[in-house]
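As a plain string of letters, each chain reads:
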Amino acid sequence: MNIGARCGSCNRELLLVQLVQSSDGFRCPVCGFAFAPAYATVAPAVAARVMVAQAALVTALAELGSMTGDRLRLDRAMVVDPVANTLPQAEAEEPGLDRRGRAHWWARNAAPQPARTIPHQ
Ligand SMILES: [Zn+2]
């Protein structure tokens, strides 16, 4: 499952999966900007954990949902907010852009995903 990101230096879009090779030093593949200067040796593994955890959460939610249907409705905010609150507001940096409506370069050729990500509120 792809997680998009944006370089804080050159502003280019990239994928978190591009940063999980520890030999690459956790740098922007375009401009070389160090994303975690003091943690370059451990940050790639943490980034990999983020991707695994997101995939596990989405898969488990979809699996539980397929078992329960409408008989059980999880509190959407209590599932999503703890994750959303760890991230800065991208909308504040890009006023006027609808994140859901944008066609990211990494999404155009992406393979179909087994489960949809939960849209931002
Ligand atoms: Zn960059």
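These numbers come from a predicted model, not from an experiment.

Quick look at the overall build of the protein now. Scanning the protein from N- to C-terminus turns up four helices and two strands. N-terminal to C-terminal, the α/β element order of the protein is β-β-α-α-α-α. Within the protein, buried positions represent 4% of all 121 residues. Long-range pairs, those at least 24 residues apart, make up 41% of the contacts in the protein between residues at least 6 apart in sequence.

A few words now on helix α1 (residues 43-68). With 26 residues, α1 extends 37 Å between its outermost C-alpha atoms, agreeing within 8% with the 38 Å of an ideal straight helix rising 1.5 Å per residue. Backbone geometry just downstream of α1 places G69 in the positive-phi region, at approximately 55 degrees.

What follows deals with the environment of V52. Structurally, V52 is set in helix α1. Accessibility expressed as a C-beta count within 10 Å gives 11 for V52, which makes it exposed. It is 8.5 Å that separates the C-alpha atoms of V52 and M1, two residues lying 51 residues apart in sequence.

Our next topic: unusual backbone geometry. Phi is mostly negative for residues that are not glycine, and the peptide bonds are mostly trans. The phi torsion at N11 lies on the positive side, around 70 degrees, for a residue other than glycine. The residue N11 is located in the loop between β1 (4-6) and β2 (13-15) in this model. Phi at F26 is positive, roughly 55 degrees, even though this residue is not glycine. A count of 21 C-beta atoms within 10 Å places F26 in the buried class.

Relative to the elements of secondary structure, S22 occurs in the loop between β2 and α1. Taking the C-beta count within 10 Å as the criterion, S22 has 15 such neighbours and is therefore assigned partly exposed. Sequence separation between S22 and A43 is 21 residues; the distance between their C-alpha atoms is 8.0 Å. Setting aside its immediate chain neighbours within four residues, S22 contacts T41 and P44.

Before going further, it helps to spend a moment on the environment of L64. Relative to the helices and strands, L64 is located in helix α1. Accessibility expressed as a C-beta count within 10 Å gives 11 for L64, which makes it exposed. Taking C-alpha positions, L64 is 9.8 Å from L74, a pair spaced 10 residues apart along the chain.

What counts and what doesn't
- Residues numbered from 1 in each chain as written.
- Predicted model: local features only at pLDDT ≥ 70, side-chain atom pairs only at ≥ 80, totals over all residues.
- Helix = DSSP H or I, 4+ residues; strand = E, 2+ residues; numbered from the N terminus.
- Buried ≥ 20, exposed ≤ 12 C-beta atoms within 10 Å, placed from the backbone.
- Contact = placed C-beta atoms within 7 Å.
- Expected span 1.5 Å × (residues − 1).

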